[in-house]
Amino acid sequence: MAKGTTEIMKLQHLYKHISEFAEKHECAEDKAFLLWYAKEVRGMKEPQIAYTDPQDGGIDMVLFGKDKITLVQGKYQRGTREHIKNFGKVIEAWGDKKSFDSWLKDVANQKAHKHYRQAFKLSAEMPLHWEFISLSDSNESWDRLLENRCEVGKDFTSQVIGKDDLLYYYMLDSVGARFTDDLELTIVNGHSLSWEEPGSGVATRIVILKVDELLKEMRREENPEIFFSRNVRLEVSESEVNKDILETYNTDPHGFFYGNNGIHILTTKASVEDDRITLGSPSIINGGQTIRTLLDSDTKKKGLILARITKVSKEKQIDPTTHKFVNDIIFRSNSNNEMKASDLRSNNLEQVRIAKALHSRKFFYERKTGEWKKLDADFNLLGHITSEDLAKLIFITKHSPAKLKKIGARPLFTRTKNGDYYKEIFGIAERDMDATESRIRVYFLAKKGIKTASGISDDYKSFRGAALNFVFALSWDLLCRAKMRHPFRPLLKHYTPRSLSAGLVREMGSITKELYDLFKDKIKSGEMTQNDIFRDASCWNKAYNTLITRNRVRQFKGVLARGDK
């Protein structure tokens, strides 16, 4: 497990949560682990979950979904290595789908559970999928024992879901509210102003804190970055503003207090005794740039800072209505500073759901700028994509690259007079994750195809980058015309000269070259810039009509047919 994950996501918090989950559902912890995974990670409802007998041949739980039957084997022991090797043995024991059908038939005859009987009827046409879940502390590489996303014969697919993955899901569900210990700080002069609206479950307190004490307590944490878990801004660049903050604090800490706007802390509790305040799982949701700058420095100065503390209980934070209310607070708190619109939306529930759904499909979804770099986890994924890039992909396939060039990325995350693009984009992405996954896979291949395109002058290298959205959109259209199936699993998996992915990359490279040939004279003459081509709707229409041909659709169909064999 990567060092960053070890520091940021504390395993003991998840163990404690599973223990509480076991008490709540009155069951053993190993069963609670399975139930937590089924309900909170996979989002399954009780009737879709079935437990098996001890003589199950390695099946601990069966999940009955709309499009597949998932067989789950889970291990909850701490610190053991042996069970990882056993995952491969379980697959070998089942061998093929016939053995599962035979077992399911026996169970269906013995049990009254309607889903077993229903599953037996559907098993002939529904695919089977193995998921092996574990919170083991083992450092052994799972890749050598079982490929993360692999085919088991023609009948099963399987996936290992390890500690990094499970902690990531847990972090998304809690949105940082479970991972920090209590923080105890001094209220200067013991004075505070408090307000609580009756029945709201939200309370606010205004206090003055000692900066040096706050920094000292934050540094006790293995990674202080956890104190910014609810902040929509993760990256703090080396800017003149940061330098000014540090210089002001070092040279005039007294004046710093009067010139700084202060910080806003979200917490699950805020209990006051004498001149001390105890904060539960605190997260700085505004003023992070100030605190990060001072935290990263070696300053020894003592100064004060104004702090607004908003308390929302853990139970209330889970409630969808309150969750939206809290996200609105975070959004408004950060809207005064120039930020990417995608970052301001990063804590929205639909963004969290998409992150979970894509992660289960082996893609990391970067909701916040810099999140992938900060997390530094060993997920062994197929790739990662930002929320802004995903929004562009969906928008392009619904409209056109030319329209995207015209309006830019920001309106995709905001309401405009032309409509609510955000709802249009992410509503669809949430409901139809198979199509979303396919878009991402095609996009990655388009990137590769553009790089491999030959015959493009080195003087016009930026043409390749500018053409990416166009090549993706055209390829997506061609694949849809060729009746591409969702999800497009073979893409990105194998890359041999005759593989599906290699064939599509060649086709996309060919599209890039033809696109260049279509406009190179205008580019070389200076009549149009490389970016103007893809901003102009008439150019898009000309290129689209020229390159979408029956022959090209047949070529894509041929690649799909060869790749499916």
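Residues numbered from 1 in each chain as written. Predicted model: local features only at pLDDT ≥ 70, side-chain atom pairs only at ≥ 80, totals over all residues. Heavy atoms only, no water.

**Section: the overall build of the chain**
For step 1, the next point in the chain: From N to C terminus, the chain includes 25 helices and 17 strands.
For step 2, the next point in the chain: Considering only contacts in the chain between residues 6 or more positions apart, those separated by 24 or more positions represent 72%.
For step 3, the next point in the chain: Total accessible area computed for the chain in this model is approximately 27,000 Å², and 47% of it derives from carbon and sulfur atoms. (Helix = DSSP H or I, 4+ residues; strand = E, 2+ residues; numbered from the N terminus. Contact = heavy atoms within 4.5 Å. Areas by Shrake-Rupley, 256 points an atom, 1.4 Å probe, with all protein chains shown as cover.)

**Notes on the pairing of strand 3 (residues 69-75)**
For step 1, the next point in the chain: The buried fraction of strand 3 is high, at six of seven residues.
For step 2, the next point in the chain: Across four bridges, the pairing between strand 2 (residues 61-64) and strand 3 is antiparallel. From the neighbouring strand, M61 faces strand 3, where its bridge partner is V72.
For step 3, the next point in the chain: Joining the antiparallel neighbours strand 2 and strand 3 is a turn of four residues.
For step 4, the next point in the chain: Summarising the sheet, strand 3 and strand 4 (residues 128-134) pair through seven bridges and their orientation is parallel. (Buried < 20%, exposed > 50% of the residue type's maximum accessible area, 1.4 Å probe, protein only. Pairing = 2+ DSSP bridges.)

**So, the side chain of D343**
For step 1, the next point in the chain: Examined against the element boundaries, D343 turns out to sit in helix 14 (residues 341-344).
For step 2, the next point in the chain: According to the relative accessible area criterion, D343 is buried, its value standing at 6%.
For step 3, the next point in the chain: Among the polar contacts made by the side chain of D343, one reaches the side chain of T369 at a distance of 2.9 Å. (Polar contact = N/O pair within 3.5 Å; in protein donor to acceptor, adjacent residues only side chain to side chain.)

**Describing the pairing of strand 14 (residues 363-366)**
For step 1, the next point in the chain: Neither face of strand 14 is exposed, since F363 and Y365 on one face and F364 and E366 on the opposite face are all buried.
For step 2, the next point in the chain: Both strand 14 and strand 15 (residues 383-386) contribute to a ladder of four bridges, which runs parallel. The residue of strand 15 that forms the bridge with Y365 is I385.

**Concerning the sheet that holds strand 10 (residues 269-273)**
For step 1, the next point in the chain: Judged by pairing direction, the sheet is mixed, and its seven strands sit side by side in the order 10-11-7-8-13-9-12 without closing on themselves. The open sheet terminates on both sides in strands that have one partner only, identified here as strand 10 and strand 12 (283-286). With direction set aside, neighbouring strand axes in the sheet form an average angle of 40°.
For step 2, the next point in the chain: Pairing between strand 7 (residues 183-196) and strand 11 (residues 276-280): four bridges, direction antiparallel. Paired with L185 across the strands is I277, a residue of strand 11.
For step 3, the next point in the chain: With respect to the sheet, helix 8 (residues 211-219) is in contact with strand 7, strand 8 (202-210), strand 9 (263-267), strand 11, strand 12 and strand 13 (304-312), its orientation differing from that of strand 7 by roughly 110°.
For step 4, the next point in the chain: Most of the contacts of helix 11 (residues 288-295) go to strand 12, to which it runs at about 125°, and overall it touches strand 9, strand 12 and strand 13. (Axes fitted to C-alpha atoms, helices over the stretch in contact; angles between N-to-C directions.)

**Points about the packing of helix 20 (residues 433-452) against helix 22 (residues 500-525)**
For step 1, the next point in the chain: With their axes 7 Å apart at the nearest point, helix 20 and helix 22 run at an angle of 60° to one another. By the angle class used here, helix 20 and helix 22 are oblique. Along this stretch, helix 20 crosses helix 22, giving a crossing that reads as right-handed. Across from V442, L445, A446, K448, G449, I450 and T452 in helix 20, the residues of helix 22 making contact are S501, L504, V505, M508, G509 and T512. (Parallel < 35°, antiparallel > 145°, perpendicular 65-115°, else oblique. Left-handed = near helix turned anticlockwise from the far one by under 90°.)

**Quick word on the packing of helix 20 against helix 21 (residues 462-481)**
For step 1, the next point in the chain: At a minimum axis separation of 9 Å, helix 20 and helix 21 run at an interaxial angle of 130°. In terms of orientation, helix 20 and helix 21 fall into the oblique class. Between helix 20 and helix 21 lies a crossing of right-handed hand. Note on element contacts: helix 21 touches helix 20 through R464, A467, L468, N469, V471, F472, S475, W476 and L479, opposite A435, S438, R439, V442, Y443, A446, K447, I450 and K451.
For step 2, the next point in the chain: Its residues placed into classes, the contact of helix 20 with helix 21 shows eleven nonpolar, three polar and four charged. (Nonpolar A, V, L, I, M, F, W, Y, C, P; charged D, E, K, R; others polar.)

**Quick notes on the environment of R552**
For step 1, the next point in the chain: Secondary-structure assignment places R552 in helix 25 (residues 550-563).
For step 2, the next point in the chain: R552 gets classed as buried once you look at its relative accessible area, which sits at 4%.
For step 3, the next point in the chain: Taking the C-alpha atoms as reference points, R552 and I511, 41 residues apart in sequence, are found 9.5 Å from one another.
For step 4, the next point in the chain: The contacts of R552, once residues within four sequence positions are left out, are L478, E507, S510, I511, E514 and L547.

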